[in-house]
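Secondary and tertiary structure notes
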Amino acid sequence: MDIEKGLLIVLSGPSGVGKGTVRRAIFEDPDTDFEYSISMTTRNKREGEVDGVDYFFKSREEFEALIEQDAFIEYAEYVGNYYGTPVQYVKDTMERGKDVFLEIEVEGAKQVRKKFPEALFIFLAPPTLEHLEERLIGRGTESQEVINHRISEARKEVEMMNLYDYVVINDEVMDAKEKVQMIVEAEHLKRERVEARFRKMILEAK
Ligand SMILES: Nc1ncnc2c1ncn2[C@@H]1O[C@H](COP(=O)(O)OP(=O)(O)OP(=O)(O)O)[C@@H](O)[C@H]1O
Ligand SMILES: Nc1nc2c(ncn2[C@@H]2O[C@H](COP(=O)(O)O)[C@@H](O)[C@H]2O)c(=O)[nH]1
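Residues numbered from 1 in each chain as written. Chains lettered and ligands numbered in written order. Predicted model: local features only at pLDDT ≥ 70, side-chain atom pairs only at ≥ 80, totals over all residues. Heavy atoms only, no water.

The line we're drawing: UniProt positions are given in the numbering used here, feature names are shortened, and annotations may be inferred rather than shown by experiment.
An unreviewed UniProt entry lists the protein chain under the name Guanylate kinase, with Macrococcus caseolyticus as the source organism. Per UniProt, the protein chain carries the Function (unreviewed entry) text "Essential for recycling GMP and indirectly, cGMP." Taken from UniProt, the Subcellular location (unreviewed entry) comment for the protein chain reads in full: "Cytoplasm".

Have a look at this one:
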């Protein structure tokens, strides 16, 4: 895929850390100027979730057909369900020069790292694993069995945080939101400076 414009921002971290909560706070901010890529999943819709807003909900057969068609930038099977990032929306949005924000688990983030090493990778970490369990229980969307499975995945996932460009601890939602926004801003400034220096070098070489 040939994407020249727009920054790909990947927010990852264990289930229950607060990725969705932080992401919603970011997108409620009128100053936010990037776009959210809605994922596809085969998991059942939770109460209040809307198809095409929270996820595109698909059957396993539909999802597997899309895998065959190479329709995902990345996908992973997580605790018994598929989750994936549709390629077309990301490609079109970045080509329009807009940043795209992905909220995905760590296996998917690893695949994005391979395909887009220039993307920005942020790991959202809980203050402790106990906080994570409390948050999952508090959310009340999963059975205790699924929560236990997600916590056991989380133990492995937090070990991967050193592979990320930045780690943000989600202690207070608005603090974490601002840190993510500042990281994105800083990344743009860094890239603009590098590009300006590169242009200057080319002009000087002429
Ligand atoms: N900083 C925080 N302090 C306390 N509770 C929080 C904080 N951030 C999120 N929560 C709560 O934790 C629960 C899990 O949050 P959320 O659903 O955003 O996590 P997630 O990482 O998106 O989970 P998943 O990966 O399973 O989708 C929610 O009930 C949310 O209100
Ligand atoms: N690899 C991907 N992971 C994704 C994607 N969309 C969401 N997710 C992650 O899956 C888990 C479980 O989500 P839940 O909604 O069932 O709680 C969580 O970590 C999500 O961030 C995706 O497109 N690819």
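Now that the structure is up, let's keep going.
1. Comments concerning the side chain of E74
Filter applied, for reference: Going along the chain from the N terminus, every DSSP run of H or I of four or more residues is numbered as a helix, and every run of E of two or more is numbered as a strand. Contacts are residue-level and defined by heavy atoms, with any inter-residue pair within 4.5 Å sufficient.
By the element assignment, E74 lies in strand β5 (residues 72–78). The residues touching E74, leaving out its near neighbours within four places in the chain, are Y83, G84, T85, I104, G108, Q111 and V112.

2. Digging into the sheet that holds strand β4 (residues 56–57)
The condition is simple: At least two bridges found by DSSP between two strands are what make those strands a pair.
With respect to topology, four strands assemble into an open sheet ordered β4-β3-β6-β5, the strand pairing being mixed. The open sheet has two edge strands with one neighbour each: β4 and β5. Relative to β4, strand β3 (residues 40–41) is paired through two bridges, and the arrangement is parallel. Each bridged residue has a counterpart across the sheet, and for T41 the counterpart in β4 is F57.

3. Topic: the packing of aromatic side chains
Note on aromatic pairs: each is described by the distance of the centres and the angle between the planes. Applied cut-off: To pair, rings of Phe, Tyr and Trp, with the six-membered ring standing in for Trp, must have centres within 6.5 Å; the planes then decide the type, stacked if under 30 degrees apart, edge-to-face if over 60, and tilted in the middle. For the exposure calls, accessible area comes from a 1.4 Å probe over protein chains only, and a residue counts as buried if that area is under 20% of its type's maximum, exposed if over 50%, partly exposed in between.
Summed over the entire model, instances satisfying the criterion amount to 14 aromatic pairs. Taking the centre distance of 4.8 Å and the plane angle of 5° together, the rings of F63 and Y82 count as stacked. Separated by 19 residues along the polypeptide, F63 in helix α2 (residues 60–68) and Y82 in strand β6 (residues 81–86) bring together distant segments of the chain. For F63, a relative accessible area of 0% puts it in the buried group. By the ring-pair criterion, three or more aromatic residues cluster together here, those being F27, F34, Y36 and F101.

4. Side note on the nonpolar core
We apply this condition: Nine residue types can take part in a nonpolar core, namely buried Ala, Val, Leu, Ile, Met, Phe, Trp, Tyr and Cys, and a core is a set of them joined through side-chain atoms within 4.5 Å.
I9, F101, I122, L124, V168 and V180 are the most contacted members of the largest nonpolar core, which has 23 residues in total. Mapped by element, the contributors of at least two residues to this core are β1 (8–12), α1 (19–28), β2 (34–36), β8 (120–125), α5 (129–139), α6 (144–158) and α7 (173–205). Ignoring sequence-local partners within four residues, the contact set of I122 consists of I9, V10, L11, S12, Y164, Y166, V168, V180 and I183. L8, V87, V90 and Y164 belong to the second-largest nonpolar core, a separate cluster that totals 20 residues.

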